[in-house]
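Structural overview
What follows is each chain in one-letter form.
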Amino acid sequence: MAQKNEEDDKVRLDKWLWAARFYKTRALAKAAIESGKVHCRGERCKPGKEPRVGDEFQIRVGFEERTVVVQALSIVRRGAPEAQTLYAETDASIAKREAAAAMRKAGALGMSTDGKPSKKQRRDLFKFRGSSNDE
């Protein structure tokens, strides 16, 4: 289970995200927070923010966006089963994430092409856009 000491009451957000295994290193967690991939109550956070039990965070990792509620605090990175006890993902977040994964799997988000365009197709594209091949 998650370790609980007096130090855990004052845990940094980047350290908690690392301990909860959202990011592989604290540096990646800090970079994600600074680039706006972690929000608390709809607002951007700072790496030094102290999460509290009950806080709700929107965390974006790769294609996935999760909405999690903090259940416990920890500064120690442990195994995945123990790390999952630190947070609870909302039902709406799980449904949205599964739907997005199904869309990606079906190929609905990306364009499917027959491959690289031929020389003639490329010339036609340049002509259509109104630019020349010489640029």
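Residues numbered from 1 in each chain as written. Predicted model: local features only at pLDDT ≥ 70, side-chain atom pairs only at ≥ 80, totals over all residues. Heavy atoms only, no water.

Going by an unreviewed UniProt entry, the chain carries the name Heat shock protein 15 and comes from Pseudomonas mandelii. For the record of the chain, the UniProt heading Sequence similarities (unreviewed entry) holds the text "Belongs to the HSP15 family." (UniProt positions renumbered as here; feature names shortened; annotations may be inferred.)

1. Some points on the packing of aromatic side chains
Applying the stated criterion across every chain yields a total of 3 aromatic pairs. Among the aromatic residues, those joined into a cluster by ring pairs are W16, F22, F57 and Y87. (Phe/Tyr/Trp six-rings, centres within 6.5 Å; stacked < 30°, edge-to-face > 60°.)

2. Thoughts on the pattern of salt bridges
Tallied over the entire structure, the rule returns 9 salt bridges. In this structure, R66 engages E89 in a salt bridge whose closest nitrogen and oxygen atoms are separated by 3.7 Å. Taken together, the residues R66 in strand β4 (residues 64–70) and E89 in strand β5 (residues 87–89) connect sequence positions 23 residues apart. By sharing partners, the salt bridges in this structure join E64, R66, E89 and R97 into a single network. (Salt bridge = Lys/Arg side-chain N within 4 Å of Asp/Glu carboxyl O. Helix = DSSP H or I, 4+ residues; strand = E, 2+ residues; numbered from the N terminus.)

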